[in-house]
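Inside the fold
Given next are the chains, with one letter for each unit.
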Amino acid sequence: METHTQKFKIRLGLFIAGGVALFVFAIFIIGKQQNLFDPVYKLTTTFYNVSGLQVGNNIRFSGINVGIVDKISIINDSTVRVEMMIKKDVNKFIKMDSEVTIGSEGLIGDRLLIITQGSTDAPVAKEGQHLDSSEPVEMDAIMASLEVTAVNAEIISEQLAEIMIQVNSGHGTLGRLIQDTVIAENLSRTMINIRRSSKGLDENMEAAKHNFLLRGYFRKQAEAEAKKKKEAEDQKEKEQRKQDREDKKDARQQARDEKK
């Protein structure tokens, strides 16, 4: 009987010791997540709408969890104050011109705060510093916009389907061009005739240049073009000589300055 009682006491002691160890471990994990054992400092910001943000949600900087939301309070009908508890060791990276935005962990995850990187020459945010914020985009607004886009896409798809049905049926100009072989053949012949006419026009122009009645006109045209080309080349050469003289003058002046 005494042996049975002693075993019961040993089991009870082990059970209590295990429960205490589990409790301490849970306290340690929760405290670590809530930054209870790390030195922290507080920053504040304000929003018009926090979009479901809650106390205890994570705060990220450069994609790393650096703190938690400590307190959310309504200041007035258009302002919600959010107090942030940030790890002390990231204090030197958060600047006074950093901004706070509201994001989410994945598409349907918990809300979180995101602190953007400030400018390199800005001073570091101090204890109790207020940071500017940018309002989040509401999911309802995104869904409404997607719904409008989906409706428009459906209308466009229906219209395209109707157009393709008409084209395949041979209705309209495009449908007749595709389905009617006679029109297609006539169009092909027209393009051939246009190419032939263009070639004949080039030949006629070449013949006209050798005609003694028009030879003088084309010669004058060629001489005028050659004169314009020569004048442009002379002007360019003149400007180049002028630039060379100025460069030499500058070089001589620089040499005199160096001697002085």
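Not measured: the values here are computed from a predicted model.

Details of a nonpolar patch on the surface
Taken together, the side chains of Phe 15, Ile 16 and Val 20 present a nonpolar region at the surface, about 330 Å² in accessible area. Structurally, the position occupied by Ile 16 is in helix α1 (residues 2–33).

Quick look at the pairing of strand β2 (residues 58–61)
Looking along a regular strand, one sees side chains alternate from face to face of the sheet. Burial along β2 is one-sided: Ile 59 and Phe 61 are buried, and none of Asn 58 and Arg 60, which face the opposite way, are. Looking at chain direction, β2 and strand β3 (residues 64–76) are connected through 4 bridges and run antiparallel. Bridge assignment links Ile 59 to a residue of β3, and that residue is Gly 67. Here β2 hands over to β3 after 2 residues, with Ser 62 in that stretch at a positive phi of 60 degrees. Two elements, β2 and strand β6 (residues 111–115), share 3 bridges in a ladder whose sense is parallel. Its bridge partner being in β6, Arg 60 is matched across the sheet by Ile 114.

Side note on a negative patch on the surface
On the surface, a cluster of negative charge is contributed by Asp 97, Glu 99, Asp 121 and Asp 132. One can find Glu 99 in strand β5 (residues 99–104). Looking at Glu 99, the relative accessible area reads 36%, which means it is partly exposed.

Details of unusual backbone geometry
With a phi close to 55 degrees, Ser 51 is a non-glycine residue in the positive phi region. Residue position: Ser 51 is located in the loop between β1 (40–47) and β2. Classification of Ser 51 as buried rests on a relative accessible area of 11%. In the Ramachandran plot, Ser 62 falls in the positive-phi region, its phi being about 60 degrees despite a non-glycine side chain. Tracing the sequence through the fold places Ser 62 in the loop between β2 and β3. The exposure class assigned to Ser 62 is partly exposed, which follows from its relative accessible area of 45%.

Some points on the nonpolar core
The nonpolar side chains of a soluble globular protein tend to be buried with one another. One finds Met 84, Ile 86, Ile 94, Leu 113 and Ile 115 to be the most contacted residues of the largest nonpolar core, which totals 21 residues. If one sorts the elements of this core by residue count, strand β4 (residues 79–87) sits on top with 4 residues. For Met 84, the contacting residues outside a window of four places in its chain are Tyr 41, Lys 42, Leu 43, Thr 44, Thr 45, Ile 59, Ile 68, Asp 70, Val 100, Leu 113, Ile 115 and Leu 131.

Some points on the sheet that holds β5
If you trace the 7 strands from one edge of the open sheet to the other, you get β1-β4-β3-β2-β6-β5-β7, paired in mixed fashion. Edge strands, defined here as strands with exactly one partner in the open sheet, are β1 and β7 (132–133). With 5 bridges joining them, β5 and β6 adopt antiparallel strand pairing. Bridging across to β6, Thr 101 finds its partner in Ile 114.

Cut-offs applied
- Residues numbered from 1 in each chain as written.
- Predicted model: local features only at pLDDT ≥ 70, side-chain atom pairs only at ≥ 80, totals over all residues.
- Heavy atoms only, no water.
- Patch = residues over 30% accessible without salt bridge, like charges linked within 9 Å, V, L, I, M, F, W, Y side chains within 5 Å.
- Areas by Shrake-Rupley, 256 points an atom, 1.4 Å probe, with all protein chains shown as cover.
- Salt bridge = Lys/Arg side-chain N within 4 Å of Asp/Glu carboxyl O.
- Helix = DSSP H or I, 4+ residues; strand = E, 2+ residues; numbered from the N terminus.
- Buried < 20%, exposed > 50% of the residue type's maximum accessible area, 1.4 Å probe, protein only.
- Pairing = 2+ DSSP bridges.
- Lys, Arg positive; Asp, Glu negative; His and termini not counted.
- Charge placed at Lys NZ, Arg CZ, Asp CG, Glu CD.
- Core = buried A, V, L, I, M, F, W, Y, C linked by side-chain atoms within 4.5 Å.
- Contact = heavy atoms within 4.5 Å.

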